[in-house]
Amino acid sequence: MTKETDAKIRPALFEYVLALGDDRLVLGHRLSEWCGHGPILEEDIALANLSLDCLGQASGLLKLAGELEGAGRSEDDLAYFRDETDFKNFKLVELPRGDFAFTIARQFLFDTYSLLLFEQLQKSRNETLAGISAKSFKEVGYHVRHAAEWMRRLGDGTEESHRRLQDAVDEMWRYTGELFDADESDAALVEAGYAADAAALKPKWEEMVTAVFKDSGIVPPETAYFEGGSRQGQHTEHLGHLLAEMQIVARSFPGAKW
Amino acid sequence: MDSVEKQEHILSLLQEVKDPELPMVDIVGLGMVRSVEVADDFITVVLTPTYMGCPAMKHIEDDVRRVLQAAGFDHVNLKKVYAPAWSSDWISEDARAKLKEMGIAPPLAGQTTAQLLIQGGSDNIACPFCDATNTELRSAFGSTSCKALYYCHECHQPFEYFKCH
């Protein structure tokens, strides 16, 4: 139960859960931009489904974050009334949706990470986080399978689809490093049994990603430089534009009900 | 009525509340009602969402209130819990039969897609019309979050599959 969570742990767990919620809120918004623009009807529906799952997960996580913070902020307050530098989502999820290959590659890389993360978080000592993770783990299983099938189809498809997919993977690779970073406060949460050890997820992630790259004929990028700082509120110029669109109605009419 | 009878009465009333996206099954059969607590005139119904982002949840909550109020229960408290997470294994045998009758293949018990991805293996979905397993996944995402689209190569019918969660 939330209230049983150690008082000393609460501020760190609030930041941790907030970041998890932000990742899914921002990615869900990016996916929603495809609604009505999917390349075929089934994919339009699939991308909207993925978006809905992300927003559902974000809503549960941000609600929990608000409870852990204990300052009376609801999930909507956290989603709509924070500024860019208060957001903790990874830069990977805020990058513009690009073409269909870019969207698929991002889903594949992020969802594979998400699957392994939620598998671990089902064991969190915070019961609500464990429950949300158990549910989300099952949902993300379908996301990974969907993305992996499209990776193979595009990578092993035409010359153009292969080129677009390889370009997408090359472009976003440098944003994947920080998925496995942890700071001191994260380490304390892992130690206390509340959070997942991000670094420990990496070997399995690499194994799953490499296997699909191999099937798809995608060459794994070799990058020396990796982006960082997202969890400290550093972002690309794209997040501000996304938030402006996502938050404008709530900020123009605060407290509005319909 | 003592509180046990009241509890049973309320559970039978809740069977009138259908999932708006699957009107052939009720929320008790789907395993969404985790418990009913009775304390004098105060009723607490504990619900768990089938999906984190289930858009039908609000609708279902409103229906629960409506049904119970119509039966004279004025103090109804609804609690939404995420833990333990809902599982498609909680769907009753009766509800599974109703899904199949309506042409929706019921979820396989046990291993989820997420587990299969990590451990390897595949799932084999039987056609709800002819029971053949010579079927093919057409789209993992269908008209609602809980369903996928399949095609049967024996009877040449497209059908929906209630995903294992």
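1. Re the overall build of chain A
Here's step 1: Counting secondary structure elements, chain A contains 10 helices and 0 strands.
Here's step 2: Over its C-alpha atoms, taken along the principal directions, chain A stretches across nearly 55 × 45 × 30 Å.
Here's step 3: Within chain A, buried positions represent 48% of all 258 residues.
Here's step 4: Contacts in chain A between residues far apart in sequence, at least 24 positions, make up 77% of those at least 6 positions apart.

2. Side note on the overall build of chain B
Here's step 1: Each helix and strand in chain B was counted, giving 4 helices and 9 strands.
Here's step 2: Secondary structure elements in chain B, listed N-terminal to C-terminal, are α-β-β-β-β-α-β-α-β-α-β-β-β.
Here's step 3: Across the 165 residues of chain B, 38% fall into the buried class.
Here's step 4: Looking at chain B alone, contacts between residues at least 24 apart form 53% of all its contacts between residues at least 6 apart.

3. Brief notes about the domain arrangement of chain B
Residues and elements named next belong to chain B.
Here's step 1: By the assigned domains, chain B splits into domain 1 (3–80) and domain 2 (95–162).
Here's step 2: Computed from C-alpha atoms alone, the centre-to-centre distance between domain 1 and domain 2 is 28 Å.
Here's step 3: The partner domain 2 presents 7 residues to the 9 residues of domain 1 that form the contact.
Here's step 4: Grouping the constituent residues of the side of domain 1 that touches domain 2 by class yields 5 nonpolar, 3 polar and 1 charged.

4. Here's the deal with the nonpolar core
Here's step 1: A:Val17, A:Ile104 and A:Ala105 are the most contacted members of the largest nonpolar core, which has 114 residues in total.
Here's step 2: Here this core gathers at least three residues from each of two domains, domain 1 (3–80) and domain 2 (95–162) of chain B.
Here's step 3: Not counting chain neighbours up to four residues away, the residues in contact with A:Val17 comprise A:Leu61, A:Leu64, A:Ala65, A:Leu68 and A:Leu129.

5. What to know about unusual backbone geometry
Residues and elements named next belong to chain B.
Here's step 1: Cis geometry is adopted by the peptide bond preceding Pro84, which originates at Ala83 and carries an omega value of -5°.
Here's step 2: Here Pro84 lies in the loop between strand 5 (75–80) and helix 3 (93–101).
Here's step 3: Although it is not a glycine, Asp131 adopts a positive phi angle of roughly 65°.
Here's step 4: Looking at the element boundaries, Asp131 is found in the loop between helix 4 (113–119) and strand 7 (135–139).
Here's step 5: Residue classification places Asp131 among the exposed positions, given that 12 C-beta atoms sit within 10 Å.
Here's step 6: One non-glycine residue with positive phi stands out, namely His156, at about 55°.
Here's step 7: A count of 10 C-beta atoms within 10 Å places His156 in the exposed class.

6. A look at the sheet that holds strand 3 (residues 33–39) of chain B
All names here are of chain B.
Here's step 1: With mixed pairing, 3 strands are arranged side by side in an open sheet as 3-4-5. Either end of the sheet is taken by a strand with one partner, and the two such strands are strand 3 and strand 5. Adjacent strand axes in the sheet meet at a mean angle of 15° when their direction is disregarded.
Here's step 2: In this sheet, strand 5 lies alongside strand 4 (residues 42–47) in parallel orientation, the contact comprising 6 bridges. Along strand 5, the bridge assignment pairs Phe42 with His75.
Here's step 3: The strands touched by helix 1 (residues 3–14) within the sheet are strand 3 and strand 4, with strand 3 carrying the most contacts at an inclination of about 140°.
Here's step 4: Strands strand 4 and strand 5 of the sheet are contacted by helix 2 (residues 57–70), whose axis makes an angle of about 155° with strand 5.

7. Quick notes on helix 5 (residues 100–121) of chain A
Here's step 1: With 22 residues, helix 5 of chain A should reach 32 Å at 1.5 Å per residue; the first-to-last C-alpha distance of 30 Å fits that figure.
Here's step 2: Burial analysis of helix 5 of chain A places 20 of its 22 residues in the buried class, which makes it a mostly covered element.

8. What to know about the interface of chain B and chain A
Here's step 1: Each partner contributes to the interface: chain B provides 20 residues, whereas chain A provides 29 residues.
Here's step 2: Considering every element that reaches the side of chain B that touches chain A, the biggest residue donor is helix 4 of chain B, with 4 residues.
Here's step 3: Classifying every residue of the side of chain B that touches chain A gives 13 nonpolar, 6 polar and 1 charged.

9. A look at the packing of helix 2 (residues 41–69) of chain A against helix 6 (residues 127–155) of chain A
All names here are of chain A.
Here's step 1: Contact geometry of helix 2 with helix 6 gives a least axis separation of 11 Å together with a crossing angle of 165°. Comparing their axes, helix 6 and helix 2 come out roughly antiparallel. At the point where helix 2 passes helix 6, the crossing takes the left-handed sense. Counted together, Ala46, Leu50, Asp53, Gln57, Gly60, Leu61 and Leu64 of helix 2 and Thr128, Leu129, Ile132, Ser136, Glu139, His143 and His146 of helix 6 form the full contact between these two elements.
Here's step 2: Partitioning the contact of helix 2 with helix 6 into residue classes produces 6 nonpolar, 6 polar and 2 charged.

10. Section: the environment of A:Ser133
All names here are of chain A.
Here's step 1: Locating Ser133 in the fold gives a position in helix 6.
Here's step 2: Remark: the alpha-carbon pair of Ser133 and Leu117, spanning 16 residues in sequence, is separated by 8.5 Å.
Here's step 3: Those residues within four positions of Ser133 in sequence are excluded, and the remaining contacts are Phe118, Leu121, Gln122 and Ser124.

11. Side note on the sheet that holds strand 8 (residues 147–152) of chain B
Residues and elements named next belong to chain B.
Here's step 1: Taken in spatial order, the 4 strands of this open sheet run 6-9-8-7, and their pairing is mixed. Two strands close off the open sheet at either side, each with one partner strand: strand 6 (104–105) and strand 7.
Here's step 2: Examined bridge by bridge, strand 8 and strand 9 (residues 158–162) share 5 bridges and lie antiparallel to one another. Bridge pairing in strand 9 places Leu149 opposite Glu160.

Rules used throughout
Residues numbered from 1 in each chain as written. Chains lettered and ligands numbered in written order. Predicted model: local features only at pLDDT ≥ 70, side-chain atom pairs only at ≥ 80, totals over all residues. Helix = DSSP H or I, 4+ residues; strand = E, 2+ residues; numbered from the N terminus. Buried ≥ 20, exposed ≤ 12 C-beta atoms within 10 Å, placed from the backbone. Contact = placed C-beta atoms within 7 Å. Domains from an automatic or database assignment. Nonpolar A, V, L, I, M, F, W, Y, C, P; charged D, E, K, R; others polar. Core = buried A, V, L, I, M, F, W, Y, C linked by C-beta atoms within 7 Å. Pairing = 2+ DSSP bridges. Axes fitted to C-alpha atoms, helices over the stretch in contact; angles between N-to-C directions. Expected span 1.5 Å × (residues − 1). Parallel < 35°, antiparallel > 145°, perpendicular 65-115°, else oblique. Left-handed = near helix turned anticlockwise from the far one by under 90°.

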